[in-house]
Structure formats: structure tokens, C-alpha cells
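Structural description and commentary
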Amino acid sequence: MAENIVILTGAGISAESGIKTFRAADGLWENHRVEDVATPEAFQRDPVLVQDFYNRRRRQLLTGVQPNAAHRALARLEQQYGRGEVLLVTQNIDNLHERAGSRNLIHMHGELLKGRCQRSGGLVPVDTDLSVELPCPLCGASGCLRPHVVWFGEMPLEMERIYQTLARCDLFISIGTSGNVYPAAGFVEEANRHGAHTVELNLEPSQRLTSFAEHRHGLASELVPAYVE
Ligand code: BJW
């Protein structure tokens, strides 16, 4: 029986809530690849374009998107699990895990509903559009608030705590992620190295398929409740 569990989630877990994944055929954003929009260089080059990308996603999240059966099953697992720690690490910047009730949660790629002051690093809640001219509430200067997200080339958040927990986990479950983006894509090898059982739950075989001891393919809303309950 597993003691400590680490669960990694990606865009696929929120797909059935109506949020587009990044790398599906229709996942392109107005002909931009995510690799071309989600970089510090893109923000420097064209901040209006990048803010617009996040403003649209923010508006979508605030109007009508709800957690689905997979988010709810993971929240129940955390609440009802009595043997050890359940750490949920999400690459997603939406807030559907917390709205479903998950509490032991790390947003390793940041959070859509927060802005970050480029001068102080301070975080502010954002439930409206960010714009390049908006004054930053922390320092008063305009144009220094950026989305609190981790772009390519930037360090993901809380990595030390994630690696420490991976080092003592017995079960690692990866849900709804294509396994294209590091360091998250390397967590399965890290868990294997420490002797954990590793499981992939995804719509299709991911880039990391052969690293997992067990895999199940299908919809997250069906696979996740069936696996964890
Ligand atoms: C379903 C489903 C349903 C659909 N049910 N499933 C090693 C080798 C090569 C390169 C690198 C390397 N290490 C680092 C790099 C560079 C780079 C990188 O990985 N590049 C690759 C492209 C090669 N990584 C970085 O720059 C990272 N930083 C970094 O490494 O810092 C140094 C460091 C080193 C060592 C330790 C620590 C740090 C930062 C990466 C930041 C990624 N940012 C983004 C944007 C965030 C904000 C935003 O949301 O806009 O994060 S990019 C984008 O991709 C987003 C996602 O979180 C991330 C992952 O995507 P995800 O979730 O996997 O989505 P998809 O669309 O790819 O896949 C969805 C899956 O769901 C599919 O498989 C579907 O089948 C499935 N699915 N419907 C179940 N209903």
C-alpha cells in the first residue's frame, strides 16, 4: 500500500472543464506556438500580445469554467487519505484544483489570478485584465506588473520541496500531461530512481510513456476517479 503520493497534473485534466490544452491540434493560440508566447523575450518584444493571451484565459476562467470529476476525485483523495502525504503538483495556472478542494497543492508554473511586480517580486491578486499601462499597486509605477507565470527559460516554483517529496514518495501519478516540458517531464525518472511505483493516466501515450511502470489511457474524468477511489 502506498504511503506518500505525488501527483503531477497538466492541461489534460482541465480539458473537460473547457480549457484548451497547449499542444493539441486546435491548441494553437492565434497561430502562435506556446513556446513563442510564453517566454520572457516575447513579453519584452510584445507585452500587449502576451498580456492579451493571459487576459483571455483569465476571463474564461472567471466566467463559467468549473472543476470536473477528475479534480474532485483528487481533492477527495487528499481529504480521505490516512496513511501519509498526498502532494499535488500542477503545471496548470488555472484554479480548478483549489476550487475542487485540494489544499496540499503546488502551482509550479504559477497562477493566472496573480500578477507579479517586476521590481519587487511581490504578488497581487488579479481578477481583471492586466495591461501594460496599469499602475502596479505595490510600487505605483506603471508597466511593471507581469503575469505570475513561469515562462520558458525561467525557474519553476517550489522545486526544492517537489524534489524532496519525490525522494520519499512510494507512488507517482502523472495525469493529463504530454511530457514535453522539463523539469516536470523528468519527475517520473526521479520517482523511479527512488523506487516509487509510477503511473500515467492520459488521453494518449505521452512522450514519457516508457518510463512509467503502469499506464492507462482515456478521459481524465473517467480514469482518475476509477484509479484513486
Ligand atoms: C487529456 C485529456 C483528457 C487532453 N483527459 N488527458 C531538458 C531538455 C530539453 C529542454 C529543457 C530541459 N530542461 C529545461 C528545458 C527548457 C524548457 C523545456 O522544457 N523545453 C521543452 C520545450 C524541450 N523548460 C523550461 O524552460 C522550464 N524552466 C527550466 O527548466 O528552468 C531551469 C531548471 C532546470 C532544472 C531544474 C529546475 C529548473 C520552464 C518551463 C515553463 C513552461 N511554461 C508553460 C507556460 C506556463 C504559463 C501558461 O500556462 O501559459 O507551462 S508552457 C506550457 O507547457 C505550460 C504547461 O504547464 C506546460 C506543459 O504542458 P502540458 O500540461 O503537458 O499540456 P500539453 O498540451 O502539452 O499536453 C496535454 C496532454 O493532456 C496531452 O498529452 C493530451 O493527450 C492530454 N489530454 N485531453 C486526459 N480529457
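Residues numbered from 1 in each chain as written. Predicted model: local features only at pLDDT ≥ 70, side-chain atom pairs only at ≥ 80, totals over all residues.

**Description of the site of the ligand**
If you check the shell around the ligand, you find 37 residues, and the closest are G10, G12, Q91, S178 and Y182. Put simply, the parts of the chain that give the shell around the ligand at least two residues each are α1 (12-15) and α2 (34-37). Considered class by class, the residues forming the shell around the ligand number 19 nonpolar, 13 polar and five charged. (Near = placed C-beta within 6 Å. Helix = DSSP H or I, 4+ residues; strand = E, 2+ residues; numbered from the N terminus. Nonpolar A, V, L, I, M, F, W, Y, C, P; charged D, E, K, R; others polar.)

**Things to note about the pairing of strand β7 (residues 171-175)**
Within β7, four of the five residues are buried, which leaves it mostly tucked inside the rest of the structure. Examined bridge by bridge, strand β1 (residues 5-9) and β7 share five bridges and lie parallel to one another. Of the residues in β7, the one forming a bridge with I7 is I173. In this structure, β7 lies alongside strand β8 (residues 197-202), joined through five bridges in parallel fashion. Across the sheet, I173 pairs through a bridge with V199, a residue of β8. (Buried ≥ 20, exposed ≤ 12 C-beta atoms within 10 Å, placed from the backbone. Pairing = 2+ DSSP bridges.)

**Let's talk about the nonpolar core**
In terms of nonpolar packing, the biggest core is built from 36 residues, with V6, I7 and I175 touching the most fellow members. Ignoring anything within four residues of it in the chain, the contact list for I7 reads L74, V86, L88, V89, I173 and I175. Judged by nonpolar contacts, the second largest core, of 10 residues, contains V37, V50, L112 and V149. (Core = buried A, V, L, I, M, F, W, Y, C linked by C-beta atoms within 7 Å. Contact = placed C-beta atoms within 7 Å.)

**A few points about the environment of V86**
Structurally, the position occupied by V86 is in strand β2 (residues 86-90). Excluding residues within four positions of it along the chain, V86 makes contact with I5, I7, L77, E78, Y81 and N104.

**Some words on the domain arrangement of the protein chain**
Size of an interface, as often reported, equals the accessible area lost when the parts are brought together. For the protein chain, the domain assignment lists domain 1 (1-19 + 67-109 + 156-229) and domain 2 (24-64 + 112-149). Centre-to-centre separation of domain 1 and domain 2, based on C-alpha positions: 26 Å. Counting residues at the interface gives four residues for domain 1 and four residues for domain 2. Along the lines of polarity and charge, the residues of the side of domain 1 that touches domain 2 split into one nonpolar, two polar and one charged. (Domains from an automatic or database assignment.)

**Quick notes on the UniProt feature "binding site: Zn(2+)" (unreviewed entry) in the protein chain**
The UniProt record marks C117 and C136 with the feature "binding site: Zn(2+)" (unreviewed entry), using the residue numbering of this structure. In three dimensions, the annotated residues from a span of 20 residues occupy one location, with a maximal C-alpha spread of 6.8 Å. If you trace the backbone, C117 turns up in strand β4 (residues 110-117). Among all residues touching C117, those that are not within four sequence positions of it are G122, C136, L138, C139, C144 and L145. Mapped onto the secondary structure, C136 falls in the loop between β5 (123-125) and β6 (145-149). Those residues in contact with C136, other than ones at most four positions away along the chain, are C117, A141, C144 and L145. (UniProt positions renumbered as here; feature names shortened; annotations may be inferred.)

**Some details on the sheet that holds β5**
If you trace the three strands from one edge of the open sheet to the other, you get β5-β4-β6, paired in antiparallel fashion. Bordering the open sheet on either side are β5 and β6, each of which pairs with just one other strand. Averaged over all neighbouring strand pairs, the angle between strand axes comes to 45°, with direction disregarded. Examined bridge by bridge, β4 and β5 share three bridges and lie antiparallel to one another. (Axes fitted to C-alpha atoms, helices over the stretch in contact; angles between N-to-C directions.)

**Concerning helix α5 (residues 69-80)**
For α5, with 12 residues, the first-to-last C-alpha span of 16 Å sits near the 16 Å given by 1.5 Å per residue. Where α5 is buried, its residues meet β1, α1, β2, α6 (96-100), β7 and α9 (220-228). (Expected span 1.5 Å × (residues − 1).)

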